[in-house]
Amino acid sequence: MKNVKAIAIGGFDGMHVGHQELFKALGDEGAILVIDAGYANLTPGASRSQHSDLPIIFYPLDEIRHLDAKGFVEKLSQEFPDLKKIVVGYDFHFGKDRSYDYDDLKALFNGDVEVIGEVKVDDDAVHSHKIRAKLQIGDIHGANRFLGYNYTIIGRHVKGQGLGEKELFATINIDAKGYLLPKEGVYVTTVRLGGEEHYHPAVTFIGHRLTTDGSFAVETHILDGEVGEVDELRISFVDHIRDNQKFDDLQQLKKAIAEDIKSAERRLKRLSL
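It should be emphasised that the depicted structure is a prediction, and the values quoted were computed from it without experimental measurement.

Novice: Can you walk me through the overall build of the chain in this structure?
Specialist: Along its length, the chain carries 8 helices and 15 strands. Each of the three principal axes of the chain carries a C-alpha extent, and together these read 70 × 40 × 35 Å. Split into buried and exposed, the 273 residues of the chain put 48% on the buried side. Considering only residue pairs separated by 6 or more positions, the chain has 67% of its internal contacts joining residues 24 or more positions apart. Accessible surface for the chain amounts to roughly 14,200 Å². Of this, 46% is attributable to carbon and sulfur atoms. Charge separation in the chain, taken as the distance between the mean sites of 34 positive and 44 negative side-chain charges, equals 2 Å.

Novice: Is there a simple way to think about the pattern of salt bridges in this case?
Specialist: Pairing between side chains of opposite charge can happen when their charged atoms approach one another. Applying the stated criterion to the full structure yields 15 salt bridges. Linking Lys 262 and Glu 259 is a salt bridge whose minimum nitrogen-to-oxygen distance equals 3.8 Å. Pair noted here: Lys 262 and Glu 259 are both in helix H8 (residues 250–270), with a separation of 3 residues, about one helical turn. On the basis of relative accessibility, which here comes to 44%, the residue Lys 262 falls in the partly exposed class.

Novice: Help me understand the sheet that holds strand E10 (residues 152–158) in this model?
Specialist: What holds strands together in a sheet is hydrogen bonding between their backbones, with the strands either parallel or antiparallel. Taken in spatial order, the 6 strands close into a barrel running E10-E11-E14-E13-E12-E15, and their pairing is antiparallel. Strand after strand, the sheet turns through a mean of 45° between neighbouring axes, direction not considered. Taken together, the 3 bridges between E10 and strand E11 (residues 172–175) define a ladder with antiparallel strand orientation. Across the sheet, residue Val 158 finds its bridge partner in E11, namely Asn 173.

Novice: Help me understand the nonpolar core, please; the structure alone is not making it clear to me.
Specialist: Leu 135, Tyr 151, Ile 153, Leu 233 and Phe 237 are the most contacted members of the largest nonpolar core, which has 29 residues in total. Among the elements that line this core, the one with the most residues is helix H6 (residues 140–147), at 4 residues. Look past the residues within four positions of Ile 153 in its chain and what remains in contact with it is Ile 174, Ala 176, Tyr 179, Leu 180, Leu 181, Val 218, Leu 233, Arg 234, Ile 235 and Phe 237.

Novice: Quick question: what am I supposed to make of the sheet that holds strand E2 (residues 30–36) here?
Specialist: An order of E3-E2-E1-E4-E7 is seen for the 5 strands of this open sheet, with the pairing classed as parallel. The outermost strands of the open sheet, each flanked by one partner alone, are strand E3 (56–60) and strand E7 (112–116). With direction set aside, neighbouring strand axes in the sheet form an average angle of 25°. Across 3 bridges, the pairing between strand E1 (residues 6–10) and strand E4 (residues 85–89) is parallel. Note on E4: the bridge partner recorded for Ala 6 is Lys 85. Against the sheet, helix H3 (residues 69–79) engages E1, E2, E3 and E4, with an angle of about 145° to E3.

Novice: Looking at this structure, how should I read the environment of Val 4?
Specialist: Inspection of the secondary structure assignment puts Val 4 in the segment before E1. Residue class for Val 4 comes out buried when judged on its relative accessible area of 4%. Through-space distance from the C-alpha of Val 4 to that of Gly 178 is 30 Å; in sequence the pair is 174 residues apart. If sequence neighbours within four positions are ignored, Val 4 has contacts with Glu 29, Gly 30, Ala 31, Phe 80, Asp 82 and Leu 83.

Novice: Honestly, the pairing of E1 in this entry has me stumped. Any pointers?
Specialist: Within a regular strand, the side chains alternate between the two sheet faces. With 5 of its 5 residues buried, E1 lies for the most part within the structure. Bridge count between E1 and E2: 5 bridges; the pairing is parallel. Directly across from Gly 10, in E2, lies its bridge partner Val 34. Since E1 and E2 lie parallel, the crossover through helix H1 (residues 17–24) that links them has a hand, and here it is right-handed.

Novice: Hey, could you run me through H1 in this one?
Specialist: Structurally, the α-helix is built with 3.6 residues per turn, so residues lying three or four positions apart point the same way. Considered for burial, the residues of H1 that qualify are Gly 18, His 19, Leu 22 and Phe 23. Along the long axis of H1, the arc covered by the buried residues comes to 150°, so they all point the same way. On the buried face of H1, the contacting elements are E1, E2, E4, E7 and helix H5 (128–136).

Novice: When you look at the environment of Val 227 in this model, what are you seeing that I'm missing?
Specialist: Structurally, Val 227 can be placed in the loop between strand E14 (216–222) and strand E15 (232–243). For the pair Val 227 and Arg 132, spaced 95 residues apart in sequence, the C-alpha to C-alpha distance is 31 Å. For Val 227, the residues in contact, after removing those within four places along its chain, are Ile 172, Leu 193 and Ile 222.

The rules behind these values
Residues numbered from 1 in each chain as written. Predicted model: local features only at pLDDT ≥ 70, side-chain atom pairs only at ≥ 80, totals over all residues. Heavy atoms only, no water. Helix = DSSP H or I, 4+ residues; strand = E, 2+ residues; numbered from the N terminus. Buried < 20%, exposed > 50% of the residue type's maximum accessible area, 1.4 Å probe, protein only. Contact = heavy atoms within 4.5 Å. Areas by Shrake-Rupley, 256 points an atom, 1.4 Å probe, with all protein chains shown as cover. Lys, Arg positive; Asp, Glu negative; His and termini not counted. Charge placed at Lys NZ, Arg CZ, Asp CG, Glu CD. Salt bridge = Lys/Arg side-chain N within 4 Å of Asp/Glu carboxyl O. Pairing = 2+ DSSP bridges. Axes fitted to C-alpha atoms, helices over the stretch in contact; angles between N-to-C directions. Core = buried A, V, L, I, M, F, W, Y, C linked by side-chain atoms within 4.5 Å. Right-handed = clockwise from strand over helix to strand, strands pointing away. Arc of directions from axis to C-beta.

Function cannot be inferred from these measures alone, as they are strictly geometric.
This is the structure in structure tokens:
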């Protein structure tokens, strides 16, 4: 890949505030090299491109894990002939059995190697595994602080029960395959529909439908009007309202959802979203 003079190397799942510090060191002729181990679930695959304007190149881990340090640097030099600078994090390891680190890059690469130190938010080191842990306990605020943006999942519209529009509140169901879903419960969210540029205020439920058939769902109720046909949704999480609950009947469930909607409207108004 010609004309790329600097690359940042890493897994970059989440594209969080720590990763962004690496990207800042690249300049206008930089690119992001993702070592893809296949387990990314915060920003799986090409969804990473939503969080950087720089070109993103993927190296599947299985195709490079056998390389020693010299072989890896030679591959970089061949595929990026104009490369002058490599940027990595302080905990970067590569090669067979992850045996090599930035010192090996410095010894073998004929250019600059910049190592970015640990990045902290509120005196807490930022790591992708911590973001996953926060999402799994419903700590949306904590996850978003580490990410530097509202955690977002993308999914295709799928058929739901049909119960919401008839008995409760109309919802859009999605299949967000590949994404880590937050803890089961109800959330304040904003939603982009299809190719729209703007976000709609919404309430999103994630979990098993304990009051009805027990099936698992990710479904969203849009707060600012009716929605037509849509193929894809982008759901961004703003706040946690409550955990998943089982109610005695549909009327009790409907009452709780109405309260969820009021709570979401208040919180979004406070945040001017």
